[in-house]
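Take a look at the letters that make up each chain.
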Amino acid sequence: MDKIQSDCPYPGCFFCVMKEANPSKRRASVLKFFRELPSQDDDGQVLPISGLWNTAMAHPNDPEFINLGIFECMSALIWKGLKNRRWLAHDQNIYIPYYAAHIIGSYTMNMEEFAERAVRAGVIPPLVELLRGRLTWVEQRVAVRALGHLATYPSTFPAVADHGEVLELAIQLASSSLEIVYSHFYQFVDRRLGYHCDLLTRGMGGVEMESRKAEEWASQLQCWSLQLINCFAFKPEFLHDICKADFLIKLPGMWGGLVNENSPAGVGLLRTICQNKVGRGHVANIPGTVEALCNIARSSDDWQYMAVDCLIWLVQDASTCHKVIDKVAPTLIDLANILTLGDYKRLGDTIVTVLQECMQLSGNSRGTISNQTKAEIDELLRSKQSLKLEKSMPKEDLHIKQAAALVVKLEGNSLFSSGNIAGAAEKYSEALALCPMKSKKERVVLYSNRAQCYLLLQQPLAAISDATRALCLHSPVNRHAKSLWRRAQAYDMLGLAKESLLDAILFINECSQSNDPDLSLKQNKVPDYAERLVKKQMRAAWLFREAALKHGGVHCEGDASDAFGQEADDSEWETASESDAENDARGEADEDTEWKNDGHQEDFCEKS
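Residues numbered from 1 in each chain as written. Predicted model: local features only at pLDDT ≥ 70, side-chain atom pairs only at ≥ 80, totals over all residues. Heavy atoms only, no water.

If you look the protein up in an unreviewed UniProt entry, it shows as ARM repeat N-terminal plant domain-containing protein from Urochloa decumbens.

Caption draft 1: Layout of the environment of glutamine 172. With respect to the helices and strands, the residue glutamine 172 is situated in helix H12 (residues 165-186). A C-alpha to C-alpha distance of 8.9 Å links glutamine 172 and serine 225, two positions 53 residues apart in sequence. (Helix = DSSP H or I, 4+ residues; strand = E, 2+ residues; numbered from the N terminus.)

Caption draft 2: Region of the structure containing the pattern of salt bridges. Applying the stated criterion across every chain yields a total of 23 salt bridges. With a shortest N-O distance of 3.0 Å, glutamate 411 and lysine 427 are connected by a salt bridge. You can see glutamate 411 sitting in helix H24 (residues 395-418) and its partner lysine 427 sitting in helix H25 (residues 421-434), a full 16 residues away along the chain. According to the relative accessible area criterion, glutamate 411 is partly exposed, its value standing at 35%. Accessibility expressed as a relative area gives 21% for lysine 427, which makes it partly exposed. A salt bridge links lysine 535 to glutamate 531; its shortest N-O distance comes to 3.1 Å. Placement of both lysine 535 and glutamate 531 in helix H30 (residues 528-540) is noted, with a separation of 4 residues, approximately one turn of the helix. For glutamate 531, a relative accessible area of 32% translates into the label partly exposed. Members of the salt-bridge network, linked through shared partners, are Glu129, Arg132, Arg134 and Glu165. (Salt bridge = Lys/Arg side-chain N within 4 Å of Asp/Glu carboxyl O. Buried < 20%, exposed > 50% of the residue type's maximum accessible area, 1.4 Å probe, protein only.)

Caption draft 3: Region of interest: the packing of aromatic side chains. This model, assessed by the stated rule, comprises 20 aromatic pairs. Lying across the ring of tryptophan 217, arginine 141 places its NZ or CZ 3.7 Å from the centre. (Phe/Tyr/Trp six-rings, centres within 6.5 Å; stacked < 30°, edge-to-face > 60°. Lys NZ or Arg CZ within 6 Å of the ring centre and 35° of its normal.)

Caption draft 4: The packing of helix H28 (residues 481-493) against H30, seen in detail. One way to put it is that H28 packs onto H30 with a least axis distance of 12 Å and a crossing angle of 40 degrees. Judged by the inter-axis angle, H28 sits oblique to H30. Handedness of the crossing formed by H28 with H30: left-handed. Of the residues in H30, those touching H28 at Trp485, Ala488 and Asp492 are Tyr529, Ala530, Leu533, Lys536 and Gln537. (Axes fitted to C-alpha atoms, helices over the stretch in contact; angles between N-to-C directions. Parallel < 35°, antiparallel > 145°, perpendicular 65-115°, else oblique. Left-handed = near helix turned anticlockwise from the far one by under 90°. Contact = heavy atoms within 4.5 Å.)

Caption draft 5: The packing of helix H26 (residues 440-456) against H28, seen in detail. Where H26 meets H28, the axes come as close as 10 Å, and the angle between the chain directions of the two elements is 25 degrees. As far as their axial angle goes, H28 and H26 are roughly parallel. Handedness of the H26/H28 crossing: left-handed. The residues of H28 that touch H26, namely those facing Ser448, Asn449, Gln452 and Leu455, are Lys482, Ser483, Arg486, Gln489, Ala490 and Met493. Among the residues making up the contact of H26 with H28, the classes are represented as 3 nonpolar, 5 polar and 2 charged. (Nonpolar A, V, L, I, M, F, W, Y, C, P; charged D, E, K, R; others polar.)

Caption draft 6: Focus on the side chain of threonine 320. Relative to the assigned elements, threonine 320 resides in helix H21 (residues 318-334). Relative accessible area serves as the criterion here: at 1%, threonine 320 is assigned to the buried category. Beyond its immediate sequence surroundings of up to four residues, threonine 320 is in contact with Arg280, Gly281, Ala284 and Leu314.

Caption draft 7: Quick peek at H28. The end-to-end C-alpha distance of H28, which contains 13 residues, comes to 19 Å, matching closely the 18 Å that a straight helix rising 1.5 Å per residue would cover. In terms of burial, H28 is a largely internal element, 12 of the 13 residues being buried. Turning to H28, its buried residues number three or more, namely Ala481, Lys482, Ser483, Leu484, Trp485, Arg486, Arg487, Ala488, Gln489, Ala490, Tyr491 and Asp492. Downstream of H28 by a residue or two, glycine 495 has a phi angle that is positive, lying close to 75 degrees. (Expected span 1.5 Å × (residues − 1).)

Caption draft 8: Summary view of the confidence of the model for the protein. Confidence along the protein averages 85 in pLDDT terms, with 85% of residues attaining 70 or more. The model gives residues 1-5 a pLDDT under 50, and that stretch makes 14 contacts with residues more than four places away or in other chains. Across residues 555-603, confidence stays below pLDDT 50; counting only partners more than four residues off in sequence or on other chains, it has 144 contacts. (pLDDT = per-residue confidence, 0-100.)

Written out as structure tokens, the structure reads:
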């Protein structure tokens, strides 16, 4: 290529080519540049490649470079790096395979037409070699990203699937990505490859920033691996390969990056699997998987609706219903008052219908549902029937029911204040039986207060159930601060660090936005006990925790004293009251109550 600017030290400089004012000449020069670059051994090749990377990131839908042969060029450069280690080690060429694979992924993430051009250009074989780990985990990250984009489109998925090892490699990578990054980068600072550090921080920042970025990239490596597997999971013929017991057991715990429509995380992949009858059969038979889905379904995060989908499909399927109903029904019952969640507009009604149909199905097949589960479903159905009857009930009768529930609730508050926690829980149960179903605010308070009692009685499962019911009744859903805190403590009792962490963070967020003087954060300071719980769970849920334990790293598990120390006794956290006079949205405050439990927890009940 001819030199365009005489003051440029590099013949055929790509940046000089791009300054060419004549479009025809510029295109011809770029075409020549892409054709000749893979065969050149000049220094400074990484500069135009990094420039192309920036362009691909900023303008992924621009067809100019696609039409001029950028895919052929990038494919050839990856092959060159794989086959010619002398060239790869020269100058800064070590960066080139990474940038080349990243460019392929960026140009194929939105446009099926571009993906088809990439496949015809032969990008899949070199990407598969990177996926195998022929270089390092950094190149695996961008290779699995690019292959995931190519597998997304109907026209290019077969070309990816033709490489039979892709699915197996993606499963291995999703399962081991965190360990790979920990052991090859995070664990030994002095052994980190220099170009890895530069890529993660773009040459800025020290060891701490490199570590943070390594965690982010490890999460992305897992996330993009799951995305690629998800493309295969839509095809029934691949489900038997995906639904191996050891992999399915791990899936619920794979958070793998941010959740969006293209990043399924582990529960998103389970959701895809459960859409197929074969997949549902596998999930129902793997111990622990359904229970994990139940925990996610009760959570207050972006994964919740995906887990709910899985549970509903499992119960609707006659071949799996009898295997899972006793595990799933309590969770669905707790969620039966949610109106809108994800794509569901009347989720509660859907849950009631599904459980009712399951009961009818059970009537034709003895012994498929336990008596306890039947009783719980019957109670749910009666409560929904009561709600219908209340619509035609005279207002005077509703007022009488509300007044009776309030009297019993106050009796429960009194028992709670005197230390009779079991008696208080019974009174809150009586009040719930009396309280009109339409009095949602009052029922939120009753469920939340009873959850507090169960916490003190060391019954975390019951506390989670009641806190979840309160959160589902609350408007907006999953935003009742005290119930979030109580459920966070209950999850902590069960050792469910991630679930506890999410609720604790949401609790703090709600407090920061609350107008209630007892809930709002004083001088923007997070309560000590909430901060301690968050720190404890962040250690326990640390991305590399399992890998660190396996490889002899620092033990990351906190103990209870980290979250609930004796100094919690001195906290001035108190509670506000809430009431539900008919259709009155105001909370009517009464004296606040604080109940301590051996100096380890901040406990409070709402009174009105």
